[in-house]
Amino acid sequence: MAGRLSLTEMDLSCSICCGIFRDPVVLKCSHSFCSTCLQRYWTQGPPRRDCPLCRSHSLDEPVPSLTLKNLCEAYIQEGEGSEDPAGELYCDPGEMCPLHGERLKLYCVPDQEPICVVCHTSRKHKQHDCCPVGEAIADVKEKMKSVLGSKQEKRDAFDKMKKTYEEAVECIQVTFLPEVMHSSSSAGPPREPTLTRGRFLSPQVQARFVERRTREEFEKLHGFLDAEEEARMEALRAEEEQKSRAARQKIEEIDVKMTSLSDSIRVLEEEMALQGISVLHKCKTTLTRASSPMEDPVMAPGALLDVAEHLGSLSFHVWEKMHKTVKFTPVTLDPNTAAPWLILSEDLASVCDSDERQKMPDNPERFDPDTGVLGRESFTSGKHAWVVNVGDNTAWVVGVAKESVQRKEKVSSVLRNGYLSVYFYQKMYFAGTSPLTRLNLKRNPQRVRVQLDCDKGRVSFYDDDTHIYTFKHVLSERVFPYFWVGCQECPLTLEPLEVSLKAAEYF
């Protein structure tokens, strides 16, 4: 009989006696029971007319279910002659109530556990909402299906994030190697970094790119220091030669004078050794010759090396000379924020648009799809300024962006979206207010100076010294220099600042 157990068999069982229906009747709520079982349920305890399953009140008399009766009789006849005792249905122990030994046909919603009909009338589950176990199983499976879908989506999200990190690792290890590279053996001084089309080539990596650029910059510094050292050594050798030559000439002059003096001394000593009147005959000539004036030996000034000139504040003077050859830009473009279509120069001071999307990790800092890039530096206080050479660029936006701006959506770079910037687009100039403010400029700016005063909440723009526009907006969060470019022919370039060194003065 166990082999014939199915949902149909459960449907043919009374919820009260757990046996095959005998004289089944159906209530208005559509639940069926044995006629005697239902009458017994209603007469036990206080009078009642509710459904044992759904507890709905029924005033009408139960209606006999002939169809269900025929199905039960056919089922019993089919099962006659089996080895199972007549009228007994095999149940898995897990389907039986451990307290009452009845089949678990109901599900208590508040307690979230299957119960039997006896449990349903007990104090523990009385007045609790219940439903047939079949419905509960369907509901649970639906919830499990929903949770499964959520978990699968979460797994897909983690898988996507894993791939993003793998791309980031590749980016850290795989550098953007320009197609045009200068050979280390090529003659002539190294050229300034230019904007070039590039591609990822393994195993050249981001770390190797930074290493190469760092070595190139230090080679320039080493080259300057080597040249400065050689120039100072040459000046030292020249002074050494000049002072040595002058000293040797003085020594030769002194040797001549000492020889003359030695001769005079020898003559005087010889004549002083004479006796008698002969001394008188020679003394006049000898004394006249010996009395010829001769300057006292004096060391000429400046005969020694000017050691203080060579060594005094040597490092400072080299540094002072070096700063004239070293570029300093107050803003450095951050390649980790650059949209995949943008091309940055190797010195991270220029950017232009392109028509080809480069392979870049989709890290949260990166603009995509908008063609924007931020400066590496961020500001929360103080005054700051930088100059952008826009040249003949035909589409650009320059200004500052709040840290909270959307980077994965294409939005207008206006004030309401977190930007304080000026535009040049369709041969017209605008301030990024909401709505845009048309700017009537007397000429096309070539160099736009951005002045930021975080404490006063001011962002001002100038065409050299001519004022263009000023935003007056409280800056309550960190801001970054912002650049948007839609031109492929002419880059936006950050200009280096003049740097001066000055020692402190005391009065």
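Residues numbered from 1 in each chain as written. Predicted model: local features only at pLDDT ≥ 70, side-chain atom pairs only at ≥ 80, totals over all residues. Heavy atoms only, no water.

With an unreviewed UniProt entry as reference, the protein is termed Tripartite motif-containing protein 35, source organism Liparis tanakae. In the Sequence similarities (unreviewed entry) part of its UniProt record, the protein is described as follows: "Belongs to the TRIM/RBCC family." Listed in UniProt under the heading Subcellular location (unreviewed entry), the comment for the protein reads: "Cytoplasm". (UniProt positions renumbered as here; feature names shortened; annotations may be inferred.)

A. Geometry of the sheet that holds strand 20 (residues 479–485). Across the sheet, six strands lie side by side as 11-20-13-14-15-16; this open sheet has antiparallel pairing. Of all the strands in the sheet, just strand 11 (372–374) and strand 16 (437–439) have a single pairing partner and so form its edges. Adjacent strand axes in the sheet meet at a mean angle of 25°, parallel and antiparallel pairs treated alike. In this sheet, strand 16 lies alongside strand 15 (residues 428–431) in antiparallel orientation, the contact comprising three bridges. What sits directly across from F430, in strand 16, is R438. (Pairing = 2+ DSSP bridges. Helix = DSSP H or I, 4+ residues; strand = E, 2+ residues; numbered from the N terminus. Axes fitted to C-alpha atoms, helices over the stretch in contact; angles between N-to-C directions.)

B. Looking closely at the pattern of salt bridges. Counted under the stated rule, the structure contains 26 salt bridges. Taking the shortest distance from any N to any O, the salt bridge between E346 and R213 comes out at 3.9 Å. Taken together, the positions of E346 in the loop between strand 9 (343–344) and strand 10 (350–352) and R213 in helix 6 (residues 206–272) put the pair 133 residues apart, joining distant regions of the chain. For the pair shown, E346 and R213 are each scored as buried. Notably, a salt bridge pairs K220 with E217, separated by 3.6 Å at the nearest N-O pair. Of this pair, K220 and E217 both sit in helix 6, three residues apart, roughly one helical turn. Here K220 falls in the partly exposed class, since its relative accessible area comes to 34%. (Salt bridge = Lys/Arg side-chain N within 4 Å of Asp/Glu carboxyl O. Buried < 20%, exposed > 50% of the residue type's maximum accessible area, 1.4 Å probe, protein only.)

C. How the structure looks around a positive patch on the surface. On the surface, a cluster of positive charge is contributed by K383, K456, R458 and K472. Considering the arrangement of structural elements, one finds K456 in the loop between strand 17 (447–453) and strand 18 (458–463). Judged by its relative accessible area of 59%, K456 falls in the exposed class. (Patch = residues over 30% accessible without salt bridge, like charges linked within 9 Å, V, L, I, M, F, W, Y side chains within 5 Å. Areas by Shrake-Rupley, 256 points an atom, 1.4 Å probe, with all protein chains shown as cover. Lys, Arg positive; Asp, Glu negative; His and termini not counted. Charge placed at Lys NZ, Arg CZ, Asp CG, Glu CD.)

D. Here's a closer look at the packing of aromatic side chains. For the structure on display, the rule yields nine aromatic pairs. Taking the centre distance of 5.9 Å and the plane angle of 55° together, the rings of F367 and Y482 count as tilted. With F367 in the loop between strand 10 and strand 11 and Y482 in strand 20, this pair connects stretches of sequence that are 115 residues apart. This pair shows no difference in class: F367 is buried, exactly as Y482 is. Aromatic rings pair up to connect F367, Y419 and Y482 into one cluster. Directly above the ring of Y462 sits R449, whose terminal nitrogen or CZ lies 4.6 Å from the centroid. (Phe/Tyr/Trp six-rings, centres within 6.5 Å; stacked < 30°, edge-to-face > 60°. Lys NZ or Arg CZ within 6 Å of the ring centre and 35° of its normal.)

E. Main features of the pairing of strand 19 (residues 466–472). Of the pairings in the sheet, the one linking strand 18 to strand 19 comprises six bridges and is antiparallel in character. Across the sheet, residue V459 finds its bridge partner in strand 19, namely F471. Where strand 18 folds back onto strand 19 in an antiparallel hairpin, the turn is made up of two residues, including D464, whose phi is positive at roughly 60°.

F. Main features of the pairing of strand 12 (residues 383–389). Note: strand 12 against strand 17, seven bridges, orientation antiparallel. Paired with V388 across the strands is V448, a residue of strand 17. When strand 12 meets strand 21 (residues 492–494), the two strands line up antiparallel, connected through two bridges. Across the sheet, the residue bridging to N389 is T493, located in strand 21.

G. Layout of the nonpolar core. W386, W396, F483 and L492 are the most contacted members of the largest nonpolar core, which has 48 residues in total. Ignoring anything within four residues of it in the chain, the contact list for F483 reads V331, L333, T371, G372, V373, G375, W386, V388, V397, L492 and L494. Counting residues in each nonpolar core, the second largest holds 27 residues, with L38, L68, L104 and L106 among its members. (Core = buried A, V, L, I, M, F, W, Y, C linked by side-chain atoms within 4.5 Å. Contact = heavy atoms within 4.5 Å.)

H. Highlighting the side chain of D453. Take D453: it is sitting in strand 17. K383 is the oppositely charged side chain nearest to the buried, salt-bridge-free D453, at an N-O distance of 4.3 Å. At 3.3 Å, the side chain of D453 forms a polar contact with the backbone nitrogen of D455. When neighbours within four sequence positions are excluded, D453 is seen to be in contact with G382, K383 and R458. (Polar contact = N/O pair within 3.5 Å; in protein donor to acceptor, adjacent residues only side chain to side chain.)

I. Geometry of a nonpolar patch on the surface. Taken together, the side chains of L305, V307, L311 and L314 make up a nonpolar region of the molecular surface, amounting to roughly 340 Å² of accessible area. Judged by relative accessible area, L305 falls into the partly exposed class, the value being 37%.

J. Molecular detail of the state of the cysteines. Summed over all chains, the structure comprises zero disulfides. Of all cysteine sulfurs, the one in C29 lies closest to C51, which takes part in no disulfide; the gap is 3.6 Å. Judged by relative accessible area, which is 1%, C51 ranks as buried. (Disulfide = S-S within 2.5 Å.)

K. Examining unusual backbone geometry more closely. Here the residue pair D368 and P369 is connected by a cis peptide bond, since its omega of 20° sits within 30 degrees of zero. Although it is not a glycine, D23 sits at a positive phi angle of roughly 50°. Relative to the helices and strands, D23 resides in the loop between helix 1 (7–11) and strand 1 (24–26). Since its relative accessible area comes to 47%, D23 is described here as partly exposed. Of note, S313 is a non-glycine position whose phi angle comes to about 50°, a positive value. By the element assignment, S313 lies in the loop between helix 8 (307–311) and helix 9 (314–322).

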